[in-house]
Amino acid sequence: MSDIQTLMDMGFPKERAERAIQVTNNKGVEAAMEWLLAHADEDIPSSSSGASSAPATEDGAAPTEASAAAAAAAADEPAQVAKSLKCDECGKLFKSQEEVEFHAAKTQHSSFSESTEEKKPLTEEEKKAQLALLEDKMKRKRQEREENEKKEALERERLRIKSGKDMLEAKRKMEEQEMKKIMDQRRREKAEEKAARDRVKAQIEADKAARRAKQAGETATSPVQSPPPQLSSPVVSSSPAAATSAPKTYTNARIQVRMLDGTTLVETFDAKEQLAAVRLFVQLKLGPNPVPFGLMTTFPRKVFTAEDFDTPLEKLGLVPSAVLIVTKTP
């Protein structure tokens, strides 16, 4: 709100408020108000001034003695001059049209007339009372403004705290949801790893059971198929050439595996099992998250490829026993 509007709200006409602000060099409402109270009886100089001229005749000639006498007589007569404006409803006097408009807007009075009564100047007591009233009004306005500013500041702080709490709550919920997703993913991975290990263990147990059953079958049928060597063929037993000519067949392969950490593992496999069974055995021993690895032999040196994993152990020369070394692969 401007200083002029503040002075108008206090009851001063707009013209006098502008004059006070101009005279006090825009020093504020209080300086302008003090000037207005101190110069309440003074008239504000108008911007235009009229010049009086001597009466003239219709033909532009100098006035005659008769006309001059008539003019002097007219000047001696008292003229009814309107010195103020009066509210017909409350009887209050006003000096200017601006005061009338302000009073009408404030009281909703609409009936005004010109009056020959002159608005009396304020006495010192009235000036002091008016000044005190204005100061009290300004003080109340200042208090109201400060209270409104405090309320607005409290409301802003409340909204800020509420917004911070809402953000923290949203962040906490997001973290809980993310943690729940991670836990669910870990449970699924562990279940899948356990199922994979169970399948591999079941396959290994099945392979071992098959080997044991096969070995038990061969042991049960071997006395019937091969007669005692001393009773049936003493000549064969006494001939070293015949004994060496028949190659011996092996049904099992004893594999020694050297792990990455230097430890050694020994496991027996069927001679007809593929090299993939040995790789699976090593993978299980490396744990749930095995690193990429390969297999190789040193004597003779051979690095097994992906095609070799589908080849039986007996065809790879790993029967009856062999040493395999686990190597890291990029």
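The structure under discussion appears in the preceding block.
Below, the structure is looked at part by part.

Conventions and cut-offs
- Residues numbered from 1 in each chain as written.
- Predicted model: local features only at pLDDT ≥ 70, side-chain atom pairs only at ≥ 80, totals over all residues.
- Heavy atoms only, no water.
- Salt bridge = Lys/Arg side-chain N within 4 Å of Asp/Glu carboxyl O.
- Helix = DSSP H or I, 4+ residues; strand = E, 2+ residues; numbered from the N terminus.
- Buried < 20%, exposed > 50% of the residue type's maximum accessible area, 1.4 Å probe, protein only.
- Core = buried A, V, L, I, M, F, W, Y, C linked by side-chain atoms within 4.5 Å.
- Contact = heavy atoms within 4.5 Å.
- Phe/Tyr/Trp six-rings, centres within 6.5 Å; stacked < 30°, edge-to-face > 60°.
- Lys NZ or Arg CZ within 6 Å of the ring centre and 35° of its normal.
- Patch = residues over 30% accessible without salt bridge, like charges linked within 9 Å, V, L, I, M, F, W, Y side chains within 5 Å.
- Areas by Shrake-Rupley, 256 points an atom, 1.4 Å probe, with all protein chains shown as cover.
- Lys, Arg positive; Asp, Glu negative; His and termini not counted.
- Charge placed at Lys NZ, Arg CZ, Asp CG, Glu CD.

## Thoughts on the pattern of salt bridges
Summed over all chains, the structure comprises 11 salt bridges. With a shortest N-O distance of 2.5 Å, Glu-155 and Arg-158 are connected by a salt bridge. You can see Glu-155 and its partner Arg-158 sitting in helix α6 (residues 124-225), 3 residues apart, about one turn around the helix. Exposure remark for Arg-158: the relative accessible area of 44% places this residue in the partly exposed category. Each of Glu-169, Arg-172 and Glu-176 takes part in a single network of salt bridges with overlapping partners.

## Comments concerning the nonpolar core
Side chains of a nonpolar character, in soluble globular proteins, are inclined to be buried together. One finds Ile-255, Leu-275, Val-278, Val-282, Leu-295, Leu-318 and Leu-324 to be the most contacted residues of the largest nonpolar core, which totals 20 residues. Mapped onto this core, the elements with two or more residues apiece are β4 (252-258), α10 (275-285), β6 (293-298) and β8 (321-328). No other element matches the 5 residues that α10 contributes to this core. Not counting chain neighbours up to four residues away, the residues in contact with Ile-255 comprise Leu-265, Val-266, Glu-267, Phe-269, Val-278, Leu-318, Ala-322 and Leu-324. Membership of the second largest hydrophobic core comes to 14 residues, among which are Ala-20, Val-29, Met-33 and Met-138.

## Points about the packing of aromatic side chains
Counted by the stated rule, this structure contains 1 aromatic pair. Ring geometry for Phe-269 versus Phe-281: centroids 6.0 Å apart, planes at 80 degrees, classification edge-to-face. Placement of Phe-269 in strand β5 (residues 264-270) and of Phe-281 in helix α10 is noted, with a sequence separation of 12 residues between them. In this pair, the class of Phe-269 matches that of Phe-281, namely buried. Over the aromatic face of Phe-293 sits the side chain of Arg-279, whose NZ or CZ is 4.4 Å from the ring centroid. In this structure, Arg-279 packs its charged tip against the face of Phe-309, placed 5.1 Å from the ring centre.

## Quick look at a negative patch on the surface
A cluster of acidic side chains, namely Glu-144, Glu-146, Glu-147, Glu-149 and Glu-152, defines a negative patch on the protein surface. Summarising the element assignment, Glu-152 is placed in helix α6.

Keep in mind these values describe shape, not function.
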